[in-house]
Each structure stands twice: as C-alpha cells, then as structure tokens.
Amino acid sequence: MSQLLLVRHGQASFLAANYDELSAQGREQSRLLGVHWRSLGLRIDRAICGPRRRQRDTARLCLDALSPDAPIEAQESRRSMSILASSCCVTVSMWQ
C-alpha cells in the first residue's frame, strides 16, 4: 500500500542573515529523518518540494540518507506546501 508522509522542513536559521537556510540542527534533523525512514524500510518513489532553499535542502538531506538516487522535483507552485513521495514522502512548509 502506498503512503503519503507530510514533513515540515528542518529548522531554519532563525535571526541569521539568510533565514531560508537550514541551521546545523535543521540539517541534522533532515538527515536523521532519512536514517529513521531507512530503518523502517521505506522506499521513495517520487519527491516533490517547494522552491525555497530550506525545502529543497530538507528533501535532499533526507533522501541522501534514505534513497540517494530518488529524484527531487522542485515546484514553484508549492510555496506553502512541498511534497516528497514514497510508496510516498512529503515535506510540508506551512509557514514562510
């Protein structure tokens, strides 16, 4: 059975010059989510994310730990919601 997993982007760099970057903690959160999903045996068939750097980086770091060959499709239309797909994963950024 397919699954759709919704995940908000990792912690951004609050109060930094560029808020759209993941903090060190946000990068680690993203990586650890991929490691956790790998331990559960999840397989990613499709990844869709928003255009913001923190959204793209969250998806890439997660997938690098889980399924490095899974392509990620960044869509401009997904400003407030981005999606990773696996038997389905999804990244959701509700606040900008």
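Presented here is a report on the structure given in the accompanying data block. (Residues numbered from 1 in each chain as written. Predicted model: local features only at pLDDT ≥ 70, side-chain atom pairs only at ≥ 80, totals over all residues. Heavy atoms only, no water.)

**Overview of the overall build of the protein**
Counting secondary structure elements, the protein contains two helices and five strands. When the elements of the protein are put in sequence order from the N terminus, they spell out β-α-β-α-β-β-β. Taking the intrachain contacts of the protein between residues at least 6 apart in sequence as the baseline, contacts between residues at least 24 apart amount to 68%. Total accessible area computed for the protein in this model is approximately 5,500 Å², and 54% of it derives from carbon and sulfur atoms. (Helix = DSSP H or I, 4+ residues; strand = E, 2+ residues; numbered from the N terminus. Contact = heavy atoms within 4.5 Å. Areas by Shrake-Rupley, 256 points an atom, 1.4 Å probe, with all protein chains shown as cover.)

**Regarding a nonpolar patch on the surface**
A cluster of nonpolar side chains, Phe14, Leu15 and Tyr19, forms an exposed patch at the surface whose accessible area comes to about 390 Å². Take phenylalanine 14: it is sitting in the loop between strand E1 (5-7) and helix H1 (24-39). Using a relative accessible area of 62% as the deciding quantity, one classes phenylalanine 14 as exposed. (Patch = residues over 30% accessible without salt bridge, like charges linked within 9 Å, V, L, I, M, F, W, Y side chains within 5 Å. Salt bridge = Lys/Arg side-chain N within 4 Å of Asp/Glu carboxyl O. Buried < 20%, exposed > 50% of the residue type's maximum accessible area, 1.4 Å probe, protein only.)

**As for the nonpolar core**
One finds Leu5, Val7, Trp37, Leu42, Ile44, Ala47, Cys62, Leu63, Leu66 and Ala70 forming the largest nonpolar core, which totals 10 residues. Secondary structure elements with two or more residues in this core: E1, strand E2 (44-49) and helix H2 (53-66). Element by element, the count of residues in this core is highest for H2, at three residues. (Core = buried A, V, L, I, M, F, W, Y, C linked by side-chain atoms within 4.5 Å.)

**Describing unusual backbone geometry**
Positive phi values are uncommon outside glycine, yet leucine 15 reaches one of about 70°. Considering the arrangement of structural elements, one finds leucine 15 in the loop between E1 and H1.

**What to know about the pairing of E2**
For a regular strand, side-chain orientation follows a simple rule: the groups alternate between the two sheet faces. Where E2 lies against strand E3 (residues 72-74), three bridges are found, and the strand directions are parallel. In the strand pairing of E3, cysteine 49 is matched with alanine 74. (Pairing = 2+ DSSP bridges.)

**Description of the environment of arginine 53**
Tracing the chain through its elements places arginine 53 in helix H2. Taking the C-alpha atoms as reference, arginine 53 lies 9.9 Å from alanine 74; in sequence the two are 21 residues apart. Filtering out sequence-adjacent residues up to four positions away, arginine 53 remains in contact with Asp20 and Glu21.

**Some thoughts on H2**
Quick reminder: α-helices carry 3.6 residues per turn. Residues three or four places apart thus point the same way. Helix length check: H2 (14 residues) gives 20 Å between terminal C-alpha atoms against 20 Å at 1.5 Å per residue, within 8%. Taken residue by residue, H2 has Arg54, Gln55, Thr58, Ala59, Cys62, Leu63, Ala65 and Leu66 as its buried positions. For H2, the buried positions fall inside an angular range of 160° around the axis, keeping them on one side. (Expected span 1.5 Å × (residues − 1). Arc of directions from axis to C-beta.)

**Some details on the environment of glutamate 76**
Its place among the elements puts glutamate 76 in the loop between E3 and strand E4 (84-86). Taking the C-alpha atoms as reference, glutamate 76 lies 6.1 Å from glycine 50; in sequence the two are 26 residues apart.

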